Amino acid sequence: MAKILGENVRKTRLKRGMTLEALATEVGLAYSYMGGIERGQKNPTLDVVERIASALDIEPVSLLSRPEE
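Below is a summary of the structure that appears in this document. Owing to the predicted nature of the structure, the values given are computational and were not obtained by experimental measurement.

Overview of the environment of Ser62
- Tracing the chain through its elements places Ser62 in helix H5 (residues 60-64).
- Of the residues examined, Ser62 reaches a relative accessible area of 35% and is grouped as partly exposed.
- Remark: the alpha-carbon pair of Ser62 and Leu46, spanning 16 residues in sequence, is separated by 13 Å.
- Reaching out from Ser62, the side chain makes a polar contact with the backbone oxygen of Glu59 at a distance of 2.6 Å.

Structure (structure tokens):
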């Protein structure tokens, strides 16, 4: 699940033209922690998932769903 979340965050962030640092700042997380989320190495709380989704202007569930292939 952490890997799916990370891939979705990274894909959406890049689509929005945001840097990792800009997203981390907007969400209120350390740059290194945000990078860990994108690499699937961190397991954020649902509150953090909601804050990331808000910063990316998407629904939180879309960050947790497997990408359609």
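Structure shown, so let's carry the discussion forward.
A short note on unusual backbone geometry
- Within the chain, Asp57 stands out as a residue other than glycine whose phi angle is a positive 60°.
- Position of Asp57 among the secondary structure elements: in the loop between helix H4 (46-56) and H5.
- With relative accessibility at 66%, the residue Asp57 sits in the exposed group.

Thoughts on the side chain of Asn8
- Take Asn8: it is sitting in helix H1 (residues 2-15).
- Looking at Asn8, its side chain comes within polar contact range of the main-chain oxygen of Leu63, at 3.0 Å.
- Those residues in contact with Asn8 that lie beyond four places of it in its chain are Ser62, Leu63, Leu64, Ser65 and Pro67.

Definitions and limits used
Residues numbered from 1 in each chain as written. Predicted model: local features only at pLDDT ≥ 70, side-chain atom pairs only at ≥ 80, totals over all residues. Heavy atoms only, no water. Helix = DSSP H or I, 4+ residues; strand = E, 2+ residues; numbered from the N terminus. Buried < 20%, exposed > 50% of the residue type's maximum accessible area, 1.4 Å probe, protein only. Polar contact = N/O pair within 3.5 Å; in protein donor to acceptor, adjacent residues only side chain to side chain. Contact = heavy atoms within 4.5 Å.

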